[in-house]
Amino acid sequence: MRSPFAYRPRPGPLQAASPGAAVAYLGAPVAISVRYSSPLVLLAVGAGVYLGGSLAGAGGALRVALRMGLTLGLLIVAVNALVVDRGETVLARLGEWPLLGRVDVTAEAIAAGAVIGLRAAVAMLAFAVYSACVDPDRVLRALRPYAGRSALTATLASRLVPVATADAGRLRDATRLRGPAAAPLGRAAMARRLLAGSLDRAVDVAATLELRGYGLAPPPRQTVGRSTPPECGRCAQRSRFDRRFYTAGMLLLFVGVTGKLLGADEFSAYPTVEVGVGAATLAVSAAAVLAGLVPWRRRG
Amino acid sequence: MAELATRTAPVLSIEGLTYCYPATSTPFERVSHPNGVGVLRDVSLSLAPGEFALLAGRSASGKSTLLRAACGLVPHFHGGEIEGSVRVAGIDAIATGPAELAAAVGYVAQDPETQVVSTTVSAEIALPLELRGAPPASRARAVEEVALALAIPQLLERTVDTLSGGELQRVALAAALVTRPKLILLDEPTSQLDPVAGDELIWLLRRLNEEWGVTVLLAEHRLERCLPAADRVIAMEGGAIAFDGAPRDFLVWARDADPALETPAARMFSLAGIEPLPTGVREARRTLEGGSE
């Protein structure tokens, strides 16, 4: 069974870019989503990531991530609405609840939950694009100088998704084989077992990586002859698209920081929801959407 | 003379090895060793070049830990306290890390899916050489050679997520063998394979053992499959070596000392009072057919 998040080799700028460039490009919108609360900016950042991922050919991964992100977002909204009683616009009075006490559902708590949910969705979309478009083999090689003594880190970064996908398939099969009379396995229980199993198996993969020689000091450069240039790990990682993605990531971060300084991000949830659409907020939103065009490749 | 001594020197030499896993402290360790301990007690053994040895024993008898000690994962990767000495092809495995040891020893574990770290088969097999700085031409040659030896050249361009368990296990074996180690350690490599793929893997190992001269130490539960291929059986019990000898002697020992390790064919022969005990189904059939003629 192939995961929608699994990397697939495709010709495209994002796939050709070095892992560092891809992370810089995909990390910038995530950083903005963490620092901003304006729903307009967050929606724009999400749209930009979705657009960029679609242009890079990660449509399948994005659709699954969007479903998961929206589900998680709704869950966050529901929990926030029940737990937080701040806000002036009471939509429903649900009376006294065990543990929670008096529960008043306010429009403000829903809006605040939606903002947190949007952030989570943006992070999931960015991770989906990373997972589907960045070659894990190149991640492994790129991490070697920094994680040479920590094969586990490299394994978690490059192999956790495929290993977890295989585990999920087996768990689902095992659940089906228990028969119709068996109690259904809840999603939370499935996720818990999956995480424990995946970490366990990631340790085994890390051991394999150690045995392959990942912890060895990188070999010195060798000059074989003029006609055959020395092989250089970092040189082999570079791509002509790197500058494009590094520049886009940096520019987006710059716009985000500048926008914040100029008063963009006009949003407050409490005591009443206030959303501003000033010029700075609009500029940051536009930059976030435009960043989605960066993986575009001219045909022909 | 010195060359002769090198050729006959043990590939694996373990003396007075005592080991216990660390007490669990981190989530990763708890996941890896839920019980917190796995013990070896005063284990001593020596494997000569070209031997095919089978490591038998019940669950938690210390087979896997012994193999991990022989390839340096214990104590370097798993931690814990260790005493005694482990030498692989003359290299001190306790002082040297698994990455440095990997040129002398290959290791294949039971779960094929945790044995691959690359996206494509050719990249996976080439990885150990690439990490050692081998030039691309010699990498390609070595990958082709090992792929031919393991009958997997048709898999080289495939991605690892499209392979079956048996194919994955062969790829893992190829990656372990590509550096041409003197010793290959296998921890229940057939446990997740179907019977046909399991048999094929064992006979492939035997062929590599004979043709390449690589020493094999194979831990297995399904002994009936491996006994006919083995030159020697080492049985473990409670972290110590309980038996070390020829396969046929092992069957007699297992009948008397640990019937759980008896193969089905040997048990049937024991119950029927037929001697000698067969090491495999084929031999049992031959004996029965010979007796009926």
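Scope of this entry: the structure provided in the associated data block. (Residues numbered from 1 in each chain as written. Chains lettered and ligands numbered in written order. Predicted model: local features only at pLDDT ≥ 70, side-chain atom pairs only at ≥ 80, totals over all residues.)

What chain A contains, in helices and strands, is eleven helices and four strands. By the burial criterion, 42% of the 300 residues in chain A qualify as buried. Summarising the internal contacts of chain A: among those between residues at least 6 apart in sequence, 78% fall at separations of at least 24. (Helix = DSSP H or I, 4+ residues; strand = E, 2+ residues; numbered from the N terminus. Buried ≥ 20, exposed ≤ 12 C-beta atoms within 10 Å, placed from the backbone. Contact = placed C-beta atoms within 7 Å.)

For any two helices packed against each other, the geometry comes down to the angle between their axes and how far apart the axes lie. Residue and element names in this part refer to chain B. Direction vectors running N to C along helix H6 (residues 121-131) and helix H7 (residues 136-149) enclose 125°, while the axes themselves pass 9 Å from each other. Comparing their axes, H7 and H6 come out oblique. As H6 runs across H7, the sense of the crossing is right-handed. Seen from H6, the contacting residues are Ser 122, Ile 125, Ala 126, Leu 129 and Glu 130; seen from H7, they are Arg 139, Ala 142, Val 143, Val 146 and Ala 147. Residue classes in the contact of H6 with H7 are distributed as seven nonpolar, one polar and two charged. (Axes fitted to C-alpha atoms, helices over the stretch in contact; angles between N-to-C directions. Parallel < 35°, antiparallel > 145°, perpendicular 65-115°, else oblique. Left-handed = near helix turned anticlockwise from the far one by under 90°. Nonpolar A, V, L, I, M, F, W, Y, C, P; charged D, E, K, R; others polar.)

This part takes up the nonpolar core. Formed by 162 residues in total, the largest nonpolar core has its most connected members in Leu125(A), Val129(A), Ala70(B), Val88(B) and Leu217(B). Of all the elements, helix H5 (residues 107-133) of chain A adds the most residues to this core, at 16 residues. Not counting chain neighbours up to four residues away, the residues in contact with Val129(A) comprise Leu26(A), Val49(A), Gly52(A), Gly53(A), Ala56(A), Ala58(A), Ala61(A) and Leu62(A). (Core = buried A, V, L, I, M, F, W, Y, C linked by C-beta atoms within 7 Å.)

The amide bond that connects Tyr270(A) to the next residue, Pro271(A), takes the cis arrangement and shows omega of 0°. The topology assignment puts Pro271(A) in the loop between strand S3 (267-268) and strand S4 (274-275). If you check the backbone angles, Asp42(B) has positive phi at about 45° while not being a glycine. As for its position among the elements, Asp42(B) is in strand S2 (residues 39-47). The phi dihedral of Arg180(B) falls on the positive side, at around 55°, and the residue is not glycine. As for its placement among the helices and strands, Arg180(B) is situated in the loop between helix H8 (165-177) and strand S7 (183-187). Arg180(B) sits in the partly exposed class, given 13 other C-beta atoms within 10 Å.

Contact with chain B, which involves 31 residues of that partner, is made by 31 residues of chain A. Class assignment of the residues belonging to the side of chain B that touches chain A gives a composition of 19 nonpolar, seven polar and five charged.

With that settled, the discussion passes to the sheet that holds strand S9 (residues 232-237) of chain B. Residue and element names in this part refer to chain B. Taken in spatial order, the six strands line up as S6-S7-S8-S3-S9-S10 in an open sheet, and their pairing is mixed. Both edges of this open sheet fall to strand S6 (105-108) and strand S10 (240-245), since each of them pairs with a single strand only. For this sheet, the mean inter-axis angle between neighbouring strands, taken without regard to orientation, is 15°. Note that S7 and strand S8 (residues 215-219) share five bridges and pair parallel. Within the sheet, the bridge partner assigned to Asp 187 lies in S8 and is Ala 219. Its contacts with the sheet put H8 on S6 and S7, and the angle it makes with S6 is roughly 165°. (Pairing = 2+ DSSP bridges.)

Residue and element names in this part refer to chain A. Relative to the helices and strands, Gly 69 resides in helix H4 (residues 59-83). Along the primary structure Gly 69 and Leu 125 are separated by 56 residues, whereas in three dimensions their C-alpha atoms are 7.6 Å apart. Not counting chain neighbours up to four residues away, the residues in contact with Gly 69 comprise Ala 120, Ala 121, Met 124 and Leu 125.

Turning our attention to the packing of helix H3 (residues 39-55) of chain A against H5(A). All names here are of chain A. It is at 9 Å that the axes of H3 and H5 come closest, and there the two elements cross at 15°. Here H5 runs roughly parallel to H3, going by the angle between their axes. As for the relative orientation of H3 and H5, their crossing is left-handed in sense. Contacts between H3 and H5 involve Pro 39, Leu 42, Leu 43, Val 45, Gly 46, Val 49, Tyr 50, Gly 52 and Gly 53 on the former and, on the latter, Ala 114, Val 115, Leu 118, Arg 119, Ala 121, Val 122, Leu 125, Ala 126, Ala 128 and Val 129. Classifying every residue of the contact of H3 with H5 gives 15 nonpolar, three polar and one charged.

Remember that the coordinates give geometry; whether it matters functionally is a separate question.
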